Amino acid sequence: MNAATRRTKGDKKVLKKQQKASHTLLKHEGISTTSQPTKSLVVANGGLGNGVSREDLFAAVNQFGDVESLLMPPQKPYAFVTYRFEDGARKAHAQLNGKKLQSGENSVTLYLSYVDSVKHREEALVGFPEGLTLVEDFVSLEEEALLLAAVDWSMSNEAQKALKHRRVKHYGFEFRYDNNNVDKDKPLPAGLPDECLPVLQRCLKDGLINVLPDQLTVNQYESGQGIPPHVDTHSAFEDTILSLSLGAKAVMEFRHPDGRAVPVVLPERSLLVMKGESRYLWTHGITPRKFDLVPACEPDVGSNSGLTLSKRGTRTSFTFRKIRYEPCCCAFPSACDSQEGTSPYPPSPPSLPCCHADATLLEEEYVHRVYDAIASHFSRTRHTPWPHVCHFLSSLPPGSVLVDVGCGNGKYLGVNPQLITVGCDRSSALVQICAERGFQVFVSDALSVPLRTASCDACISIAVIHHFSTLERRLAAVRELVRLLKPGGQALIYVWAYEQEYNKQKSKYLKDHDKQHNGEKSKDTPEESQESHEEPTVFTTSHLERDVKDASEMTEGRLSVHTNRTAFNSQDLLVPWHLKGRKTHGEEESSGRFSSRGEPNPDFDSSMSSDTTHSPDSKPSPSDSMCQIPGGSSVPVFHRYYHVFQQGELEQLCTQVTGITVQTSYHDQGNWCVVLQKE
């Protein structure tokens, strides 16, 4: 009797969780389930986004009948299985619901529901970039072992670096990280290892290259490490670049300036050949993660979406290049440092988006790519947590679960060690910086955070929502924060304010402009805000009745480029981020290839001095431009999109979300801020 009672209680518990999973799928994914048995099931928690491999899920569902298709959408926490006969679906529904599935290191509980049909929009296949060739099994197992043994990591010298995100060793010529170039008149004493010669002669014989390389960079990546998107410096190296992958496979993403992205699986012992457009124009990088999405070995079931998870191992890449001694004259001047212009403005400023597709393209070019390119430099200027954010975090009860959506370099994740914290950011380069600091972080868009509904006690969104380019997307960002909160949970939101002078007091953003004109130097002055040393002006919900100007009155036409540290003249604009490499007293030498050797740039924001963030051997994304400085040198200028908020606009945005109350709102050193509570 007791056993039967326990089984009944267990069944009820599973049913309740199954219904909750169905509701979540409908609410957030638009997937409708049905109570009537069908041949198709949606498997909640059984997706690639949960760390479940295709092989493990297939083994679990295949035992109940012939599987006609298994669809696992990329990055999603669910999957679809369709059986040849309805009886198979019935058995799986009855026996798998509420059962745990072990997939590698992950253990998940599956909840299955019937669906009438399986609808999934397939991603349009994009071909390899022009000039890109992948040759699998280019070296044998024996050659791989010889090449790996040829690299002696125990011998440390100036040509070997222990970087934060990988180990690197140079042969032939040292690649310098202070200027992203090579000293062409200072070859290293030892040339390329003799073990490389047979491989290179084979490349020559096969027509992959027409001249032997004279520079080799060996990078070693542990699981979870990567390299930000970059283009190898045009002025440093000739056209063809060879990259040999040894030890483990990885996925390298190539991205075109127009937004096209092509993930390329680099199998162990394969050779990647980059020529022409793929070498000069497309960025390439490896996202730091421990698992990659790769095609399944046997994608016969649901072959259109035959993806699975591949655990990364230790990968060593041999990148062979030929030193360039003349200026680059490639056909891609927009990405070429030998041909770059001197205008500090984008060639043609974009217009405000008029639809969702336009908005995503604008944000990809003028937000996402920029942060990936400037990540390290950005992080160096964001080391001091803002006091009022710290006060909010310190007020949370011990053991509270906090998620920082748009965590940047993670400077708030360690403020209160009594909290259980997790962070996410759209920039894989910033996430890598966080991971290196020991924080729990993952790559995610702020509009779709892969965490369960009502799973967090508190959320913070600091200087994030102002990067969304439409009202609908800004509203969706607030809704996503609220979705994550438990009832009674709180969210703190900061956005950049249109009113940089408020209550007759200038923000530090404007004050630093005055200091620079008076010959003073400011330190660590973030553009969006600054550490406040004054009490913020606090409002109550009664202030929500204030009139807010129609943003469209000020933002018609093309976006304007803002002059840093001046008052705003429009709400939607591009804000320059200047990189400077000139070494001054007390500063480190810049690691950027654009380091200045002239006088300081009078238009340069001193808060952004030193340390560019380009990847080794890299060139910025075409969304940047160049600015001439006295002395004849150029510094790169990246442009980030912002929507700066007028007084009352943030509160008005939040009140459009049901089930919350605005507890307080205030102006804090050039930012509008609110604290929300979920009812």
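Under an unreviewed UniProt entry, the protein has the name tRNA (carboxymethyluridine(34)-5-O)-methyltransferase and belongs to Ilyodon furcidens. Regarding the protein, the relevant UniProt record gives this comment under Cofactor (unreviewed entry): "Fe(2+)".

A. Here's a closer look at the nonpolar core. Counting 33 residues, the largest nonpolar core has Val 478, Ile 493, Leu 650, Cys 654 and Leu 676 as the members making the most contacts within it. Per-element tally for this core: the top contributor is helix 10 (residues 471-484), with six residues. In this view, Leu 676 contacts Val 478, Gly 489, Gln 490, Ala 491, Ile 493, Cys 654, Ile 660, Thr 661 and Val 662; residues no more than four positions away in its chain are not counted. Membership of the second largest hydrophobic core comes to 25 residues, among which are Ala 429, Leu 430, Leu 559 and Trp 577.

B. Quick peek at the side chain of Ser 103. Along the chain, Ser 103 turns up in strand 4 (residues 100-103). Here the side chain of Ser 103 touches Ser 53 through a polar contact of 3.0 Å, landing on its backbone nitrogen.

C. Spatial organisation of the sheet that holds strand 18 (residues 283-286). Here four strands make up an open sheet; going across it, the order is 13-18-15-16 and the pairing antiparallel. Lying at the two open borders of the sheet, with one neighbouring strand each, are strand 13 (227-230) and strand 16 (261-266). Put simply, the sheet's adjacent strands are angled 20° from each other on average, direction ignored. Sheet analysis places strand 15 (residues 250-255) next to strand 18, joined by three bridges and oriented antiparallel. What sits directly across from Phe 254, in strand 18, is His 284.

D. Here's a closer look at the pattern of salt bridges. For the structure on display, the rule yields 20 salt bridges. A salt bridge links Glu 86 to Arg 90, with the nearest nitrogen and oxygen atoms 3.2 Å apart. Taken together, the residues Glu 86 and Arg 90, both in helix 3 (residues 86-96) and four residues apart, mark about one turn of the helix. According to the relative accessible area criterion, Glu 86 is partly exposed, its value standing at 31%. Put simply, Arg 369 and Glu 364 hold a salt bridge, and the shortest N to O gap is 3.7 Å. Shared partners join several salt bridges into a network, and the residues in it are Glu 253, Arg 255, Glu 364, Glu 365, Arg 369, Arg 426 and Asp 445.

E. Highlighting empty space enclosed by the protein. Inspection of the entire model under this criterion finds three cavities of 30 Å³ or more. Roughly 490 Å³ of volume is contained in the largest cavity. As for the largest cavity, its lining consists of 30 residues, and the residues nearest its centre are Gly 406, Asp 425, Ala 463, Val 464 and His 467. Looking at the lining of the largest cavity, the elements that each hand over two or more residues are helix 7 (356-380), strand 22 (401-405) and strand 23 (420-425). Counting residues per element, the lining of the largest cavity draws most heavily on helix 7, at five residues. Of the residues assigned to the lining of the largest cavity, the class counts are 15 nonpolar, seven polar and eight charged.

F. Region of interest: the packing of helix 7 against helix 9 (residues 428-436). Between helix 7 and helix 9, the shortest axis-to-axis distance is 7 Å and the interhelical angle comes to 35°. Residues Tyr 371, Asp 372, Ala 375, Ser 376, Phe 378 and Ser 379 of helix 7 form the contact with helix 9, whose own contacting residues are Ser 428, Ala 429, Leu 430 and Ile 433. Residues belonging to the contact of helix 7 with helix 9 are distributed by class as follows: six nonpolar, three polar and one charged.

G. Quick look at the pairing of strand 2 (residues 67-71). As paired elements, strand 2 and strand 3 (residues 78-83) share four bridges and run antiparallel to each other. Paired with Leu 70 across the strands is Val 81, a residue of strand 3.

H. The arrangement of the sheet that holds strand 3 in detail. Reading across from one edge, 2-3-1-6 is the order of the four strands in this open sheet, with antiparallel pairing throughout. The strands lining the two open edges of the sheet, one partner per strand, are strand 2 and strand 6 (111-115). Averaged over all adjacent pairs, the angle separating strand axes in this sheet is 25°, with direction ignored. Helix-sheet contacts for helix 2 (residues 54-62) involve strand 1 (40-44), strand 2 and strand 3, and the interaxial angle to strand 2 is about 145°. Against the sheet, helix 3 makes contact with strand 1, strand 3 and strand 6, and its axis sits at roughly 150° relative to strand 6, the strand it touches most.

I. Layout of the confidence of the model for the protein. Predicted confidence across the protein gives a mean pLDDT of 79, with 77% of residues reaching 70 or more. The model gives residues 580-622 a pLDDT under 50, and that stretch makes 160 contacts with residues more than four places away or in other chains. Here residues 627-634 is a poorly scored stretch, pLDDT under 50, and it has 26 contacts once near neighbours within four places are set aside; other chains count.

J. Inspection of unusual backbone geometry at higher detail. Even without being glycine, Asn 45 reaches a positive phi, approximately 75°. By the element assignment, Asn 45 lies in the loop between strand 1 and helix 2. A relative accessible area of 26% means that Asn 45 is categorised as partly exposed. Even without a glycine there, the phi angle at Asp 137 is positive, about 50°. Here Asp 137 shows up in the loop between strand 7 (132-135) and helix 4 (141-150).

Cut-offs and rules
Residues numbered from 1 in each chain as written. Predicted model: local features only at pLDDT ≥ 70, side-chain atom pairs only at ≥ 80, totals over all residues. Heavy atoms only, no water. UniProt positions renumbered as here; feature names shortened; annotations may be inferred. Core = buried A, V, L, I, M, F, W, Y, C linked by side-chain atoms within 4.5 Å. Buried < 20%, exposed > 50% of the residue type's maximum accessible area, 1.4 Å probe, protein only. Helix = DSSP H or I, 4+ residues; strand = E, 2+ residues; numbered from the N terminus. Contact = heavy atoms within 4.5 Å. Polar contact = N/O pair within 3.5 Å; in protein donor to acceptor, adjacent residues only side chain to side chain. Pairing = 2+ DSSP bridges. Axes fitted to C-alpha atoms, helices over the stretch in contact; angles between N-to-C directions. Salt bridge = Lys/Arg side-chain N within 4 Å of Asp/Glu carboxyl O. 1 Å grid on protein atoms, 1.4 Å probe; cavity = no way out; pocket = protein on both sides within 12 Å on 5 of 7 lines; lining within 4 Å. Points joined across faces, edges and corners; volume = space filled by probe spheres on them. Nonpolar A, V, L, I, M, F, W, Y, C, P; charged D, E, K, R; others polar. pLDDT = per-residue confidence, 0-100.

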